[in-house]
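Residue-level listing of the chains:
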Amino acid sequence: MGNVESLRFFWPETVLTVATLGMFIQDLFTRRLPRRVQALTVGALVWLALAAYATWKTPGGSVPSSAGF
């Protein structure tokens, strides 16, 4: 398994990293909105759903990390 193919094992971590950055950016854009808390809550729930989906789609089992050496 090559490096690119092994990236599918890191989808949950990638989604959580992008979610953190996305929430920071969303916080900047919603700073003066009267419904800021609701907007941030919806954003967090969307990212949580994406992280759950990425975790569900991550393949199980173990794979040698050094091509069997």
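Along each chain, residues carry numbers from 1 onward, in the same order as the chain's sequence is written. Whole-chain, interface and lining totals are the exception, using all residues; otherwise, since this is a predicted model, local features are given only for residues with pLDDT of at least 70 and side-chain atom pairs are given and counted only at 80 or more. Side-chain numbers come from the whole structure's heavy atoms, not from hydrogens or water.

Visitor: Which residues make up the packing of helix α2 (residues 11-29) against helix α3 (residues 36-57), and what values do they have?
Guide: Close contact between α2 and α3 brings their axes to 9 Å; oriented N to C, the two are set at 170°. It follows from the interaxial angle that α2 and α3 lie roughly antiparallel. Residue-level inspection shows W11, P12, V15, L16, V18, A19, M23, Q26 and D27 of α2 in contact with α3, the latter providing R36, A39, L40, G43, A44, W47, L50, A51, A54 and T55. Each residue is assigned to one of three groups, with Ala, Val, Leu, Ile, Met, Phe, Trp, Tyr, Cys and Pro labelled nonpolar, Asp, Glu, Lys and Arg labelled charged, and all others, Gly among them, labelled polar. Considered class by class, the residues forming the contact of α2 with α3 number 14 nonpolar, 3 polar and 2 charged. Lines fitted to C-alpha atoms define the axes here, with helix axes fitted over just the stretch in contact, and angles between the N-to-C directions of these axes take values from 0 to 180 degrees. Helix and strand assignments come from DSSP, with helices taken as H or I runs of at least 4 residues and strands as E runs of at least 2, each series counted from the N terminus. Here is the rule for angles: anything less than 35 degrees is roughly parallel, anything more than 145 is roughly antiparallel, 65 through 115 is roughly perpendicular, and the remaining ranges are oblique. The criterion used for residue contact is that any of the two residues' heavy atoms lie within 4.5 Å.

Visitor: Break down a nonpolar patch on the surface for me, citing the residues and quoting the values.
Guide: Nonpolar side chains collect at one region of the surface, where V4, L7 and F10 lie side by side and expose about 340 Å² of accessible area between them. Position of F10 relative to the elements: it lies in the loop between α1 (3-6) and α2. Classification of F10 by relative accessible area gives partly exposed; the value is 47%. The residues that make up patches have over 30% relative accessible area and no salt bridge, and they are joined within 9 Å when like-charged or within 5 Å when they are Val, Leu, Ile, Met, Phe, Trp or Tyr. Per-residue accessibility takes into account occlusion by the displayed protein chains alone, with areas from the Shrake-Rupley method and a 1.4 Å probe. Within this document, salt bridges are pairs made up of a side-chain nitrogen of Lys or Arg and a carboxyl oxygen of Asp or Glu, the two lying within 4 Å of each other. Throughout this description, buried means an accessible area under 20% of the type-specific maximum (1.4 Å probe, protein chains only), exposed means over 50%, and partly exposed covers the range between.

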